[in-house]
Structure formats: structure tokens, C-alpha cells
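Results of the structural survey
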Amino acid sequence: MELGLVGLGKMGGNMRERIRRAGHTVIGYDRNADVADVHSLEELVGKLSAPRVVWVMVPAGEPTQSTVDQLAELLEPGDVVVDGGNSRWTDDEKHAEQLAARGIGFVDCGVSGGVWGLENGYALMYGGDVENVAKVQPVFDALKPEGDFGSVHAGKVGAGHFAKMVHNGIEYAMMQAYAEGWELLEKVDSVENVREVFRSWQEGTVIRSWLLDLAVNALDDDEHLHGLRGYAQDSGEGRWTVEAAIDNAVPLPAITASLFARFASRQEDSPQMKMIAALRNQFGGHAVEKK
């Protein structure tokens, strides 16, 4: 089939290549002319045969909204737009309604796989009407990993991005657990080879995972991570997961704590710890460290 792909960054560029390897035609557009196949959305739409499928892989928020606005003007009834970026699920309903007013279908798709997806395949979680999903199915089949799993029609519009959001929330908590365990192992004198302890966990343990494999890769590159600053950004999906938990009265203590740990990483000198140190000094005479 033919696919228009908007956004050819680290994810989008590799996705284009994987879809092409499966025998499909991909026409890609990106603001970076060096990687683009066409030089405008108008040119991209003009090169596709109806019914068209255009997959959007641009940052969430305004870039995605702007792209959807333009495609709403360019596409025709029966065409389908897929949002494969990390959009908030609440935006999906608005986009579906906006496009449906012009007879254009909409599918949201959470995509996981990162820079490894080209070779390993991408885990896909998508939401939308059955008829719209069917128009995109050959592309889903091309992108997914080999085998029976790794791809799911999660439900109605918004379900794909909601599922991916929860996936990323779980990812936050898992990474935090590995990080805390690593720090504790590094702290004690009795454990002399932390990297090899992590490596030993890769086989036969209940905590083995791809994230553990990646942790070992990182330690092979820099055994004690001396070359890295202790700072971790958050993509937004961790926040959305916690907000959704509050809205639905679902307790998420591990995921919430892992999100707050990201915030703590950005503080060179924690204001909270200043207050705790001051209180300990006031009630117990405990020593404080002056700047």
C-alpha cells in the first residue's frame, strides 16, 4: 500500500525504512529537506492515491495540531490520518471530531521501540473505528515485531495513546527501581563488581528484562556512569499517567514516586532538604552543613 509519513526524525525515519522493507511505498515529508521525499504536505497528499493514509510522527501539542489542521484542508472523505506521536489521549477525541466533520477517519497509535525498532519491530497500541484501522492494518503489520504479539487494537479513539501513556508510566517505575538498586550496590564496600552483578541478573532471575539489558550496555560503556550528570527529563507521559490516576481514583504509588524522582534530579541543592535539615537541627540539635 501507499503511506504518507510526516516527521522523519529518529523514530519516523526508521519507521519509513522498515515499512519500505516490507514492500510498501512510503512518501515522507519533514521540515529537514535533506531527509524528505517531498517538500510540502500539499506535495505529499498529491502523490498518494485515494483512499489516502497519512501517518503523523511529530511532537505532541502544537506541532501535531498544526499538522492535523493542514491535513484536514488537504485530504478528502474516506482518507485516514494516523497520529503515531506521543499525543495526550484527550487530544485524540478532538482530532477525530475535527476530521470526521470532513469525512476523514482518524486512528491514534502509541508506538514503542525507540532506536531499536528498525530491526526489532515496534510495539503498537492503536485506537479507532474498525473500518479506519483496517485501512492502516498493512502498515501496522509491517511495523510490528515478528510473531503473534506486539500489536493491539486497544479500543476506541484515544485508547492507543492512553495505553502507551500507561506503558511509559510503568517504564518510569521500572527504571527507577533499577536505578535505586544500582546506587545501593555502588554505595557498599562489600560489593566490588556492580556491573557484573547486573549482568548476572540477565539470566534466570525474575527481574530480567530488556531494560536490564540496556542498563548493562550502559555500564559497559561507562562502568560507574562517571561521565553522566544525575539529571533526567520527563517526556510528559509520566505526568499524564499520574493525572489520569487521580481522575480515576486509582493508586499509583510506584509510578508517582518515580515521576517525582525525576523532578528531584533537577535540583542542584534541594530546598526541601534545607527545611528538613533545619527542623532536625531545631528539635534534635542535629548538625547542619553551611554553604
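Above: the structure in question.
Residues numbered from 1 in each chain as written. Predicted model: local features only at pLDDT ≥ 70, side-chain atom pairs only at ≥ 80, totals over all residues. Heavy atoms only, no water.

1. Looking at the nonpolar core
Grouped together as the largest cluster of nonpolar side chains are 22 residues, with contacts concentrated most on Trp 55, Val 136 and Phe 140. Among the elements of the structure, strand E1 (2–6), helix H1 (10–21), strand E3 (53–56), strand E4 (80–83), strand E5 (105–112), strand E6 (123–127) and helix H6 (130–143) are those that each provide at least two residues to this core. By residue number, the principal contributor to this core is H6, which donates 5 residues. Grouped together as the second largest cluster of nonpolar side chains are 20 residues, Val 6, Val 38, Val 54 and Ile 104 included. (Core = buried A, V, L, I, M, F, W, Y, C linked by side-chain atoms within 4.5 Å. Buried < 20%, exposed > 50% of the residue type's maximum accessible area, 1.4 Å probe, protein only. Helix = DSSP H or I, 4+ residues; strand = E, 2+ residues; numbered from the N terminus.)

2. So, the pairing of E5
Among the 8 residues that make up E5, 8 are buried, leaving the element largely enclosed by the rest of the structure. What you see with E5 is no split at all: Gly 105, Val 107, Cys 109 and Val 111 on one side and Phe 106, Asp 108, Gly 110 and Ser 112 on the other are buried throughout. Bridge count between E4 and E5: 4 bridges; the pairing is parallel. In the strand pairing of E5, Val 81 is matched with Phe 106. As a crossover connection, the stretch from E4 through helix H4 (residues 89–100) into E5 is right-handed. One ladder, built from 5 bridges, connects E5 with E6; its direction is antiparallel. Note on E6: the bridge partner recorded for Ser 112 is Ala 123. (Pairing = 2+ DSSP bridges. Right-handed = clockwise from strand over helix to strand, strands pointing away.)

3. Brief notes about the pairing of strand E2 (residues 25–29)
The element E2 is largely enclosed, with a buried count of 4 among its 5 residues. Pairing of E1 with E2 involves 5 bridges; the strand directions are parallel. Across the sheet, Leu 3 pairs through a bridge with Val 26, a residue of E2. In the classification by handedness, the crossover that spans E1, the intervening H1 and the parallel E2 is right-handed.

4. As for the packing of helix H7 (residues 159–187) against helix H10 (residues 237–247)
Where H7 meets H10, the closest approach of the two axes is 8 Å, and the angle between their N-to-C directions is 105°. Here H7 lies roughly perpendicular to H10, going by the angle between them. For the pair H7 and H10, contact is made by Phe 162, Lys 164, Met 165, Val 166, Asn 168, Gly 169 and Tyr 172 and by Glu 237, Gly 238, Trp 240, Thr 241 and Ala 244, respectively. Here the residues of the contact of H7 with H10 sort into 6 nonpolar, 4 polar and 2 charged. (Axes fitted to C-alpha atoms, helices over the stretch in contact; angles between N-to-C directions. Parallel < 35°, antiparallel > 145°, perpendicular 65-115°, else oblique. Contact = heavy atoms within 4.5 Å. Nonpolar A, V, L, I, M, F, W, Y, C, P; charged D, E, K, R; others polar.)

5. Thoughts on the packing of H1 against H6
At their nearest, the axes of H1 and H6 sit 9 Å apart, and the two run at 100° to each other. The angle between the axes of H1 and H6 places the two elements in the roughly perpendicular class. Only Val 139, Ala 142 and Leu 143 of H6 make contact with H1, whose side of the interface consists of Met 15, Arg 18 and Ile 19. Class assignment for the residues of the contact of H1 with H6 results in 5 nonpolar, no polar and 1 charged.

6. Side note on H4
Between its terminal C-alpha atoms H4 stretches 17 Å, which fits the 16 Å expected from 12 residues at 1.5 Å a residue. Of the positions making up H4, those classed as buried are Trp 89, Asp 91, Asp 92, His 95, Ala 96 and Leu 99. Buried residues of H4 fall within an arc of 140° about the axis and therefore sit on the same side. Residues of H4 that are exposed and angled more than 90 degrees away from the buried face: Glu 93, Lys 94 and Glu 97. Structurally, H4 contributes buried residues whose contacts are with helix H3 (62–74), E4, E5, H7 and H10. (Expected span 1.5 Å × (residues − 1). Arc of directions from axis to C-beta.)

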